[in-house]
Amino acid sequence: QVQLVESGGGLVEAGGSLRLSCVASRTIFSGNAMAWYRQAPGKQRELVAAITSGGSTNYGDSVKGRFTISRDNAKNTVYLQMNSLKTEDTAVYYCAVKSSTKYFWGQGTKVTVSS
């Protein structure tokens with residue numbers, strides 16, 4: 001089965017920056033869209049950002065202008081650069097691969113933004 005490994009989560013102060021990384025299996029990563037979702041305690045999981053195999057991007061309204069998603073196809077890796085972090089960004093962030101038939105999910109990496 002496809003393996004996704006996230007890294008880069010941690011504790012940062014409000015206004016700071018953090019970069020998340022996710023490495024996926026080559027056969028699934030190639031030609032598929034990638035995305036980042038997040039889930040805060042007591043809240044529904046929401047889309048943060050997505051990127052197609054061709055590089056087109058889409059962002060959730062709450063992160064537009066602050067976060068940037070990118071991918072390195074040679075490394076089967078998707079990144080999420082998070083700037084101007086707010087306490088509201090505190091959540092577990094999940095990497096996802098969208099194939100033609102299903103979503104594959106990573107285990108998640110926790111991001112905590114302190115004031």
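It should be emphasised that the depicted structure is a prediction, and the values quoted were computed from it without experimental measurement.

Visitor: Could you clarify how one ought to interpret the pairing of strand 4 (residues 33-39) in this entry?
Guide: A regular strand places its side chains so that they alternate between the two faces of the sheet. Burial of strand 4 is extensive: five of the seven residues sit out of reach of the surface. Direction of pairing for strand 4 relative to strand 9 (residues 91-98): antiparallel, over a ladder of seven bridges. Looking at the pairing, Ala 33 lines up with Lys 98 of strand 9. As judged from the five bridges shared by strand 4 and strand 5 (residues 46-51), these two strands associate in the antiparallel manner. Counted as the bridge partner of Arg 38 is Glu 46 from strand 5.

Visitor: Teacher, can you tell me more about the nonpolar core here?
Guide: The nonpolar side chains of a soluble globular protein tend to be buried with one another. Counting residues in each nonpolar core, the largest one holds 29 residues, and the members touching the most others are Met 34, Trp 36, Leu 80, Met 82 and Tyr 93. Counting only elements with at least two residues in this core, the list comes to strand 3 (18-24), helix 1 (26-29), strand 4, strand 5, strand 7 (67-72), strand 8 (77-82), strand 9 and strand 11 (109-114).

Visitor: I'm lost on the packing of aromatic side chains in this one. Help?
Guide: The relative placement of two aromatic rings is captured by the distance of their centres and the angle of their planes. Using the criterion set out here, one finds two aromatic pairs in the structure. With a centroid separation of 5.1 Å and 65° between ring planes, the pair formed by Tyr 37 and Trp 105 is classed as edge-to-face. Residue Tyr 37 is found in strand 4, and its partner Trp 105 is found in strand 10 (residues 103-105); the two are separated by 68 residues along the sequence. Relative to Trp 105, the ring of Tyr 103 has its centre 5.8 Å away and its plane inclined at 20°; by these criteria the two rings are stacked. Residue classification places Tyr 103 among the partly exposed positions, given a relative accessible area of 37%. Trp 105 sits in the partly exposed class, given a relative accessible area of 34%. Each member of the aromatic cluster is reached from another via a ring pair, and the members are Tyr 37, Tyr 103 and Trp 105. Against the face of Phe 29 rests Arg 71, its NZ or CZ located 4.3 Å from the ring centre.

Parameters and conventions
- Numbers given to residues run from 1 along each chain, matching the order in which its sequence is written.
- Where totals are concerned, whole chains, interfaces and linings use all residues; where local detail is concerned, this predicted model gives features only for residues with pLDDT of at least 70, and gives and counts side-chain atom pairs only at 80 or more.
- Here the side-chain values reflect all heavy atoms present in the structure, with hydrogen atoms and water set aside.
- Here the term buried applies to any residue with accessible area under 20% of the maximum for its type, exposed to any over 50%, and partly exposed to those in between, with areas from a 1.4 Å probe on protein chains only.
- In DSSP terms, a helix is any run of H or I states spanning at least four residues, a strand is any run of E spanning at least two, and both are numbered starting from the N terminus.
- By definition, two strands form a pair when at least two bridges between them are found by DSSP.
- Put simply, a nonpolar core is a bunch of buried Ala, Val, Leu, Ile, Met, Phe, Trp, Tyr and Cys residues held in one set by side-chain atoms that sit within 4.5 Å of each other.
- Stacked, tilted and edge-to-face are the three classes applied to pairs of Phe, Tyr and Trp rings, where Trp contributes its six-membered ring and a pair requires centres within 6.5 Å; stacked means planes under 30 degrees apart, edge-to-face means over 60, and tilted covers the rest.
- Whether a charge sits over a ring comes down to the Lys NZ or Arg CZ being within 6 Å of the ring centre and within 35 degrees of the ring normal.

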